[in-house]
Amino acid sequence: MSVLEILNDKQKEAAGQLEGPVLILAGAGSGKTRVLTNRTAYMIDEAGISPWNILAITFTNKAADEMRERIDRLVGQGCESIWVATFHSTCVRILRRHIDLLGFDNNFTIYDTDDSKSVIKEILKRREVDSKQYPDKRFLNWISSCKNELSSPEDEMEEALGDYTDELYAKVYKDYQDALRKNNALDFDDLIMKTVELFKAFPEVLENYQNRFLYIMVDEYQDTNTAQFELIRLLADKNKNICVVGDDDQSIYKFRGANIRNILDFEKVYPNAKVIKLEQNYRSTQTILDAANSVISNNSSRKPKSLWTDRGEGEKIRFINTDTAYEEAETIVDMICREKRAGKCEYRDNAILYRTNAQSRILEEKCIMAGIPYSVVGGVNFYSRKEIKDILAYLKTIDNGKDDLAVRRIINVPKRGIGATTIGKLADYGTEHGLNFYDCCIRAEEILGHGKAADKISEFVSLIGLFKSKLEFITIEQLINDIVDRTDYEEMLTESDPDDAAERMENIGELINKAVSFEEQTDEPTLSQFLEEVALVADIDNVDENADKVMLMTLHSAKGLEFPNVYLAGMEDGLFPGFMSICSDDETEIEEERRLCYVGITRAMNRLTISAARSRMIRGETQYNAVSRFVKEIPDELFEGRGPVRPSKEEPVRKFEYSTPGAATRKTAPATSTPSRPVVAPKPFIARATAFTSLKKGADIASAAAPDYGPGDRVSHMKFGAGTVLNVEKGARDYEVTVDFDGFGTKKMFAAFAKLSKI
DNA sequence: CGTACTAGTCTTTTT
DNA sequence: GACTAGTACG
């Protein structure tokens, strides 16, 4: 029987079309992974294509592993030679072979965002750039988007046309690239950009890969940025056998350069492309799909499509509206508890999804209190924890002394009496003579002269030398243990914070576990390879679906996953959609948020629960938010009970009962004592958008004049209409005004932006 | 040279 | 509220 037999007609069509450009528009839950895997199996088993000629690219390691596993199950032989990898690891593999052509050392290190930030900081310091006026983060983001658009420092310099600020950016970009090159390092964006650069500069290298990759597949195509698009275009240019799978409605990575036009304009780039839509959903109930469809249909720039299922109507959507975020968390956790106790589900069937990582804390707390096993995906990346970064810095130093950042990170960790002055002297010498920091350490005596400082440095150098000499005889596991022992690392942890030393040591233990399994799985494991693998893991890669735990994660992390029960928490205007997107004039920002909402809804298989809190603490301030506009885009009849009632246009807009001056200053109620409550009957609330005035960065608000209104005055605002001033406070740069708007609740805003006028 | 306190920022999402 | 960077002091 053909591997295509089990597919539906559309899927079959998509999987059977091997030649030429193919665009598969795969709606959520329409079985796109199945199409990709069966397509691959069909290529190998039935079309006689060599696995060696197939390239499949994904965004996460998890997706790549899953794809490989599933192909393995379908095809007996030869799958190991299929190239299934993420964009980033594909590029690393290519660059490891050829980057010397671009003047880098082939054992380059990969910098994560933290590393990049340190480099930028140093450059800004050296250039004496005012970090108040130009925060380092802005340079970081700016450089990243340049790279995503394949624009070099030289391009940017040209484009600056003598403009001071633009030239400053271009110069910093140039410095940054020079620093990376000196450290023999590439950042995430470089991996893609340098590969494209390589292919363009050395057509014979490109051709080599074109001849190998006769059939190319790209998953999650809607998330590709310009650089990734170009990479794929180059690779596919000779044979044009390119099959991309994606869903424009699930494009949620604009902030990191994803260009939705890549998928919307695929047919323009490849006019003879075959386009196939997969609209039958195998995951969710009709109710859930109806909700998803009704939300996403409010977006304008999308390819029209509508998901359907034969799974039947299923259960209605639940809606919870609580007074505080604590009660929200408690209600959700309580629901999961009950259902588990009633034997209706396992813990692992439940996922709580939210917009921002900050929301996880309260949910986590409530899970602990209820004794529910849970697992939080994301937040602080495992590999960005201090202790892990320290150990990795040791490993990097041992592996490749060229990485100045790594060396400087650990030269005095644990404390060995090497101070800032000494480090500064060595670093300055290095910049002057074009030497790496570690090389300067080796010549410490020459640079610093005889003395205590030089001795200390020598001790450090011989410690690293000792590890280096052992490297070929011991495993990475032994090496890490050795580092921890010889540096008295644990002692340092205990001294600095006895309470979490144990946890930090556990994390190091976890790193050792990773090392062990890496060494087991790899033929000839090297330290460089290990460091590389570690650099390219995402949080989602380590998710274990088999553990019986409730999953807590952001909506972004949830993409590609499915759960029987999904809880969408914090569905409030100002949080989701975020206030940035509400305030923005750019309509596409709200559309991106809406797509994110669509992704969230479509994660649910059987039951969807949506919740919102009337008040919550954000950045130490209590905010009062209206229920998310997205919730109101879902028809009432899909909700259990009457649903979130929307007021008719004529109906006078009512105030929240908590939007009173007294409530504004009231501490959030301790939620511990509140008994778990049933789903709160939705109350009529205000339908229109609420927004917070955002303090635009870089805006000039140096001298704010005192406002002409005070507490008790009635004022009017462009967006929120009339309201009563509760408080006026002199802030750092501007007057902060608290206003209780009729129908929008209490807002805190900056006078310069709010443009309030007295009535 | 190392520590302790203070002020300022942050929050959208991540390979 | 939490974390970080920068500063003042021992």
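Presented here is an overview of the structure given in this document. Given the structure is predicted, the values throughout are model-derived calculations rather than measurements.

### Side note on the overall build of chain A
Line of reasoning, step 1. A count of helical and extended segments in chain A gives 32 helices and 20 strands.
Line of reasoning, step 2. Split into buried and exposed, the 759 residues of chain A put 54% on the buried side.
Line of reasoning, step 3. Excluding contacts between residues fewer than 6 apart, the proportion of contacts in chain A whose partners are at least 24 apart in sequence is 75%.
Line of reasoning, step 4. Counting every atom, chain A has about 33,600 Å² of accessible surface; 49% of that belongs to carbon and sulfur.

### Comments concerning the sheet that holds strand β2 (residues 54–58)
Line of reasoning, step 1. Overall, parallel pairing links the six strands, which are arranged β3-β2-β6-β7-β1-β8 in an open sheet. This sheet does not close on itself; its edge strands, each paired only once, are β3 (83–86) and β8 (274–278). This sheet shows a mean twist of 15° between the axes of neighbouring strands, independent of strand direction.
Line of reasoning, step 2. In the sheet, strand β1 (residues 22–26) pairs with β8 via five bridges, with the strands oriented parallel. Residue pairing in the sheet places Ile-24 in a bridge with Ile-276 of β8.

### Some points on the protein's contact with DNA strand B
Line of reasoning, step 1. The immediate surroundings of DNA strand B are formed by 25 residues, with Lys-137, Arg-355, Thr-421, Thr-422 and Ala-538 found nearest.
Line of reasoning, step 2. Among all atoms of DNA strand B positioned within 4 Å of the protein, those belonging to sugar or phosphate total 64%.
Line of reasoning, step 3. Between DNA strand B and Phe-59 there is a distance of 3.2 Å, counted from a sugar or linking oxygen to a backbone nitrogen or oxygen.
Line of reasoning, step 4. At 3.4 Å, a side-chain N or O of Ser-557 approaches a phosphate oxygen of DNA strand B.
Line of reasoning, step 5. Counting residues per element, the ones that place at least two in the surface near DNA strand B are α19 (420–433) and α27 (555–558).
Line of reasoning, step 6. By residue class, the composition of the surface near DNA strand B is seven nonpolar, 12 polar and six charged.

### Structural notes on the pattern of salt bridges
Line of reasoning, step 1. As enumerated under the stated definition, the model contains 55 salt bridges in all.
Line of reasoning, step 2. Arg-283 is the salt-bridge partner of Glu-562, the closest N and O atoms lying 2.7 Å from each other. Linking Glu-562 in the loop between α27 and β13 (563–568) with Arg-283 in the loop between β8 and α14 (286–296), this pair joins segments that are 279 residues apart in sequence.
Line of reasoning, step 3. Among the residues examined, Glu-562 registers a relative accessible area of 42% and is labelled partly exposed.
Line of reasoning, step 4. One salt bridge in this structure joins Arg-361 and Glu-365, with 3.3 Å as the shortest N-O distance. One end of the pair, Arg-361, and the other, Glu-365, are both in helix α16 (residues 360–370), four residues apart, so they sit about a helical turn from each other.

### A short note on the packing of helix α17 (residues 386–399) against helix α23 (residues 476–486)
Line of reasoning, step 1. For the pair α17 and α23, interaxial distance at closest approach is 11 Å and the crossing angle is 110°. Classed by the angle they form, the pair α17 and α23 counts as roughly perpendicular. The chirality of how α17 crosses α23 is right-handed. Where α17 abuts α23, its residues Ile-391, Tyr-394, Leu-395 and Ile-398 lie against Leu-479, Ile-480, Ile-483 and Val-484.
Line of reasoning, step 2. Per-class residue counts for the contact of α17 with α23 are eight nonpolar, no polar and no charged.

### Considerations on the protein's contact with DNA strand C
Line of reasoning, step 1. Around DNA strand C, the structure places Lys-121, Met-617, Arg-619 and Gly-620.
Line of reasoning, step 2. Note that a phosphate oxygen of DNA strand C is positioned 3.1 Å from one of the side-chain N or O atoms of Lys-121.
Line of reasoning, step 3. Grouping the constituent residues of the surface near DNA strand C by class yields one nonpolar, one polar and two charged.

### Details of the nonpolar core
Line of reasoning, step 1. Within the largest apolar cluster, 48 residues are counted, with the highest numbers of intra-cluster contacts made by Leu-395 and Ile-480.
Line of reasoning, step 2. Beyond its immediate stretch of four places on either side in the chain, Ile-480 contacts Ile-391, Leu-395, Ile-508, Leu-511, Ile-512 and Ala-515.
Line of reasoning, step 3. Counting residues in hydrophobic clusters, the runner-up holds 47 residues, among them Ile-57, Phe-59, Leu-191 and Ile-263.

### Here's the deal with the pairing of β13
Along any regular strand, the residues point their side chains to alternate faces of the sheet.
Line of reasoning, step 1. Extensive coverage of β13 is indicated by the burial of six of its six residues.
Line of reasoning, step 2. Summarising the sheet, strand β10 (residues 350–354) and β13 pair through four bridges and their orientation is parallel. For Ala-351, the partnering residue across the bridge sits in β13 and is Val-566.
Line of reasoning, step 3. The pairing of β13 with strand β14 (residues 604–618) spans five bridges and is parallel. What sits directly across from Phe-563, in β14, is Ala-604.

### Details of the side chain of Thr-37
Line of reasoning, step 1. Relative to the assigned elements, Thr-37 resides in helix α2 (residues 32–45).
Line of reasoning, step 2. Aside from chain neighbours lying at most four places away, what touches Thr-37 is Met-67, Arg-70, Ile-71 and Leu-74.

### So, the environment of Asp-539
Line of reasoning, step 1. As for its placement among the helices and strands, Asp-539 is situated in the loop between α26 (527–535) and β12 (550–554).
Line of reasoning, step 2. Linking Asp-539 and Asn-61, residues 478 residues apart in sequence, is a C-alpha distance of 9.9 Å.
Line of reasoning, step 3. Among all residues touching Asp-539, those that are not within four sequence positions of it are Val-377, Gly-378, Asn-381 and Phe-382.

### Quick look at a negative patch on the surface
Line of reasoning, step 1. Taken together, the side chains of Glu-154, Asp-155, Glu-158, Glu-159, Asp-163 and Asp-166 make up a negatively charged region of the molecular surface.
Line of reasoning, step 2. For the negative patch, the element with the most residues is helix α7 (residues 153–160), which contributes four residues.
Line of reasoning, step 3. Mapped onto the elements of the fold, Asp-155 is located in helix α7.

### Concerning the packing of aromatic side chains
Line of reasoning, step 1. Inspection of every chain in the model, using the stated rule, returns 14 aromatic pairs.
Line of reasoning, step 2. Ring plane angle 25° and centroid distance 6.1 Å describe the contact between Tyr-209 and Phe-213, whose orientation is recorded as stacked. Residues Tyr-209 and Phe-213 agree in their burial class; the two are buried.
Line of reasoning, step 3. Consider the rings of Phe-382 and Tyr-383, whose centres lie 5.0 Å apart with planes at 90°: the pair is edge-to-face.
Line of reasoning, step 4. With relative accessibility at 13%, the residue Phe-382 sits in the buried group.

### Quick notes on the environment of Phe-630
Line of reasoning, step 1. Position of Phe-630 among the secondary structure elements: in helix α30 (residues 629–632).
Line of reasoning, step 2. Given the relative accessible area of 0%, Phe-630 is considered buried.
Line of reasoning, step 3. Non-local contacts of Phe-630, meaning those with residues more than four positions away in its chain, are made with Val-295, Met-571, Phe-576, Pro-577, Ile-590, Glu-593, Arg-594 and Cys-597.

### Describing α16
For an α-helix, 3.6 residues make a turn, and residues three or four places apart therefore share a direction.
Line of reasoning, step 1. Buried residues of α16: Ser-360, Ile-362, Leu-363, Lys-366 and Cys-367, and no others. Buried residues along α16 cover an arc of 165° about the axis, so they all sit on one side.
Line of reasoning, step 2. Contact partners of the buried residues in α16: α15 (325–341), β10, β11 (374–376) and β12.
Line of reasoning, step 3. Just beyond α16, the residue with positive phi is Gly-371, at close to 70°.

### Considerations on helix α9 (residues 188–201)
Line of reasoning, step 1. Across its 14 residues, α9 extends 20 Å between first and last C-alpha, which sits within 8% of the 20 Å expected from 1.5 Å per residue.
Line of reasoning, step 2. Of all the 14 residues making up α9, 10 are buried; the element is thus mostly covered by neighbouring parts of the structure.
Line of reasoning, step 3. All of the buried residues along α9 are Asp-189, Asp-190, Leu-191, Ile-192, Met-193, Lys-194, Thr-195, Val-196, Leu-198 and Phe-199.

Calculation rules
Chains are numbered independently. Their residues run from 1 in the order of the written sequence. Written order decides the labels, with chains lettered from A and ligands numbered from 1. Thresholds applied to this predicted model are a pLDDT of at least 70 for local features of residues and 80 or more for the giving and counting of side-chain atom pairs; totals over whole chains, interfaces and linings are not thresholded and use all residues. Note that the side-chain values use all heavy atoms of the structure and ignore hydrogens as well as water. A run of H or I in DSSP becomes a helix once it reaches four residues, and a run of E becomes a strand once it reaches two; helices and strands are each numbered from the N terminus. A simple rule labels every residue: compare its accessible area, found with a 1.4 Å probe on the protein chains alone, to the largest value its type can have, and call it buried under 20%, exposed over 50%, or partly exposed in between. Residue contacts follow a heavy-atom distance rule, with two residues in contact if any of their heavy atoms lie within 4.5 Å. Every accessible area reported is derived by Shrake-Rupley at a probe size of 1.4 Å, with residue values counting cover from the shown protein chains alone. In this scheme, strands are said to pair when DSSP sees at least two bridges between them. Convention adopted: a line fitted to C-alpha atoms gives each axis, helices being fitted over their contacting stretch, and angles between N-to-C directions are expressed from 0 to 180 degrees. The cutoff for a nearby residue is simple: one of its non-hydrogen atoms must lie within 4 Å of the molecule or strand. The term polar contact refers here to a pair of N or O atoms within 3.5 Å; inside protein, the definition further demands a hydrogen-donor-capable atom paired with an acceptor-capable atom, and it admits residues adjacent in sequence only when both atoms are side-chain atoms. All amino acids are sorted into three groups, where Ala, Val, Leu, Ile, Met, Phe, Trp, Tyr, Cys and Pro are nonpolar, Asp, Glu, Lys and Arg are charged, and the leftover types, Gly among them, are polar. By convention in these notes, a salt bridge is any Lys or Arg side-chain nitrogen within 4 Å of a carboxyl oxygen on Asp or Glu. For classification purposes, an angle smaller than 35 degrees is called roughly parallel, one larger than 145 roughly antiparallel, one from 65 to 115 roughly perpendicular, and anything else oblique. Crossing handedness is read from the near helix: turned anticlockwise from the far helix by less than a right angle, it gives a left-handed crossing, and turned clockwise, a right-handed one. Among the buried residues, those of types Ala, Val, Leu, Ile, Met, Phe, Trp, Tyr and Cys that are joined through side-chain atoms within 4.5 Å form a nonpolar core. Each patch is built from salt-bridge-free residues with over 30% relative accessible area, joining like charges within 9 Å and nonpolar side chains (Val, Leu, Ile, Met, Phe, Trp, Tyr) within 5 Å. Think of it this way: Lys and Arg go in the positive column, Asp and Glu in the negative one, and His and the chain ends go nowhere. For the purpose of locating charges, the reference atoms are NZ of Lys, CZ of Arg, CG of Asp and CD of Glu. When two rings of Phe, Tyr or Trp (its six-membered ring) have centres within 6.5 Å they constitute a pair, described as stacked for plane angles under 30 degrees, edge-to-face for angles over 60, and tilted for the intermediate range. Note: the arc covers the axis-to-C-beta directions of the helix. One less than the residue count of a helix, multiplied by 1.5 Å, gives the span that helix is expected to have.

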